[in-house]
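# Descriptive analysis of the structure
Here is how the chains run, residue by residue.
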Amino acid sequence: MARHPKHRLAPVVAYARDSDVRSTMVRTLHRWWLERCAGDIPDRADLDPADLKPVLPNLFVVDVEHDPFRIRYRLVGTRAIEVTGYDITGHYLDNLLPADASEPWVENYRTAYRTRRPLFGAVDAPTRSGGRFTYEFGLFPL
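Residues numbered from 1 in each chain as written. Predicted model: local features only at pLDDT ≥ 70, side-chain atom pairs only at ≥ 80, totals over all residues. Heavy atoms only, no water.

Okay, unusual backbone geometry next. The peptide bond linking Asp67 to Pro68 adopts the cis configuration, its omega dihedral lying at 5°. Position of Pro68 among the secondary structure elements: in the loop between strand E2 (60-66) and strand E3 (69-76). For Arg116, which is not glycine, the phi dihedral falls at a positive 60°. Here Arg116 shows up in the loop between helix H4 (105-115) and strand E4 (119-126). (Helix = DSSP H or I, 4+ residues; strand = E, 2+ residues; numbered from the N terminus.)

The next point concerns the packing of aromatic side chains. Per the counting criterion, the structure on display carries six aromatic pairs. Seen in terms of ring centroids, Phe60 and Tyr73 are 5.9 Å apart; in terms of plane orientation they differ by 75°. Their pairing is edge-to-face. Of this pair, Phe60 sits in strand E2 while Tyr73 sits in strand E3; the two residues are 13 residues apart in sequence, bridging distant segments of the chain. Exposure remark for Phe60: the relative accessible area of 38% places this residue in the partly exposed category. Chaining the aromatic ring pairs together yields one cluster made of Phe60, Tyr73, Trp105, Tyr109 and Phe137. (Phe/Tyr/Trp six-rings, centres within 6.5 Å; stacked < 30°, edge-to-face > 60°. Buried < 20%, exposed > 50% of the residue type's maximum accessible area, 1.4 Å probe, protein only.)

Attention now goes to helix H1 (residues 24-36). Taking 1.5 Å of rise per residue, 13 residues should cover 18 Å, and H1 covers 19 Å from first to last C-alpha, within 8% of that figure. On its buried face, H1 is in contact with E4 and strand E5 (132-139). Taking the backbone nitrogen of Met25 as reference, a side-chain oxygen 3.3 Å away marks Ser23 as the first, capping residue of H1. Residue Ala38 follows H1 closely and has a positive phi angle near 45°. (Expected span 1.5 Å × (residues − 1). Contact = heavy atoms within 4.5 Å. Polar contact = N/O pair within 3.5 Å; in protein donor to acceptor, adjacent residues only side chain to side chain.)

On the secondary structure map, Asn108 appears in helix H4. Classification of Asn108 by relative accessible area gives buried; the value is 8%. In contact with Asn108, not counting residues within four places along its chain, are Val12, Leu119, Phe137 and Leu139.

So, about the sheet that holds E5. Strand pairing within a sheet occurs via backbone hydrogen bonds; the two strands may be parallel or antiparallel. Taken in spatial order, the three strands line up as E1-E4-E5 in an open sheet, and their pairing is antiparallel. Only two strands of the sheet have a single partner each, and these edge strands are strand E1 (13-14) and E5. Pairing of E1 with E4, which is carried by two bridges, proceeds in the antiparallel orientation. Residue Val13 lies in a different strand from E4, and its bridge partner there is Ala122. (Pairing = 2+ DSSP bridges.)

For the rest of this paragraph, the subject is the pairing of E3. Where E2 and E3 come together, seven bridges link them in antiparallel fashion. Within the sheet, the bridge partner assigned to Val64 lies in E3 and is Ile71.

Here H4 has its buried residues at Trp105, Asn108, Tyr109 and Ala112. An end-on view of H4 places all buried positions within 95° of arc, on one side of the element. The elements touched by buried residues of H4 are E2, E3, helix H3 (93-96), E4 and E5. At the exit of H4 stands Arg116, carrying a positive phi of roughly 60°. (Arc of directions from axis to C-beta.)

Dropping the structure here:
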């Protein structure tokens, strides 16, 4: 796969309510998260790939570093790699975006991390064929 170039995405739209989510995959992950949150957030040990088999090809798992706040992509699903043409596994989010990026990805992750609540939205991303792919996302803190 090609190395991920620094590029501009279309604006990320964060949803005000989880009821705005239309994606079956995001809704499935949200149900999984709610079933395991036990009043706080699920533990990373609760992440059993067998429970999420239908969504695994589209799943991103990230590590959060605290000081400074950084996001590192630990795992990127095979379908996400196929659609975008980029494998960002092992890369840091801040290294993938241009220095003058206006996309609020870092802030979205920070919000989900700080509030310990899922954050939902939609984004329009480039594909390796030169097209665009619009998708909904959910950030689920563990």
